[in-house]
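Spelled out from the first residue to the last, the chains are:
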Amino acid sequence: MSFMILTLTEAANHRVKEMMAEQEGDNLFLRVGVKGGGCTGLTYGMGFDTELKEDDLSFEDDGVKVVIDNESAPLLRDVTIDFKQNMMGGGFKIDNPNAMVTCGCGSSFKTATNAGTPSKDC
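What counts and what doesn't
Residues numbered from 1 in each chain as written. Predicted model: local features only at pLDDT ≥ 70, side-chain atom pairs only at ≥ 80, totals over all residues. Heavy atoms only, no water. Pairing = 2+ DSSP bridges. Helix = DSSP H or I, 4+ residues; strand = E, 2+ residues; numbered from the N terminus. Polar contact = N/O pair within 3.5 Å; in protein donor to acceptor, adjacent residues only side chain to side chain. Contact = heavy atoms within 4.5 Å.

Some thoughts on the pairing of strand β6 (residues 80-86)
With 2 bridges joining them, strand β1 (residues 7-8) and β6 adopt parallel strand pairing. What sits directly across from threonine 7, in β6, is threonine 80. Where β6 hands over to strand β7 (residues 89-95), the hairpin turn is made up of 2 residues, counted between the paired strands.

A look at the side chain of arginine 31
Counting through the fold element by element, arginine 31 comes out in strand β2 (residues 29-37). Within polar-contact distance, the side chain of arginine 31 engages the backbone oxygen of glutamate 51 at 3.1 Å. Looking at arginine 31, its side chain comes within polar contact range of the side chain of aspartate 56, at 2.7 Å. Arginine 31 has contacts with Gly45, Met46, Gly47, Asp49, Glu51, Leu52, Lys53, Asp56, Val67 and Asp69, leaving out every residue within four places of it along the chain.

Section: the sheet that holds β7
Spatially, 3 strands are ordered β1-β6-β7 in an open sheet, and the strand pairing comes out mixed. Two strands close off the open sheet at either side, each with one partner strand: β1 and β7. With 7 bridges joining them, β6 and β7 adopt antiparallel strand pairing. Bridge pairing in β7 places phenylalanine 83 opposite phenylalanine 92.

Observations regarding unusual backbone geometry
Despite not being glycine, aspartate 62 has its phi angle at roughly 50°, a positive value. Looking at the secondary structure, you find aspartate 62 in the loop between β4 (57-61) and β5 (64-68). Of note, the phi angle at aspartate 78 is positive, near 70°, even though the residue is not glycine. With respect to the element layout, aspartate 78 can be found in the loop between α2 (73-76) and β6.

What follows is the structure, given as structure tokens:
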């Protein structure tokens with residue numbers, strides 16, 4: 001299946017391409033997903049991968065192949081991933097219109113339909 005679930009800003013797209021160029025290996029793609037954890041119940045995951053799974057959804061965003069597992073797709077619909085650079089370095093920022101509650105660091109959230117499994121140490 002191929003349709004855009006989330007969007008990478010120009011800055012995020014550029015940074016992902018830079019990071020991919022630094023990696024060894026061919027056929028890399030950006031895997032984005034959601035799993036239980038964090039202070040509010042769900043956490044984002046991003047990393048490079050080379051192996052597609054049977055239920056993965058994929059699309060291309062300005063030259064970057066993005067893959068999302070089927071379970072994470074509804075939680076990532078209409079998400080925008082940006083990259084911000086500042087004097088302390090840089091990092092990816094995720095804007096999720098589906099999130100009803102987010103933690104202070106912005107890496108944990110819950111939606112109206114999925115509370116996830118918050119970490120006990122928060």
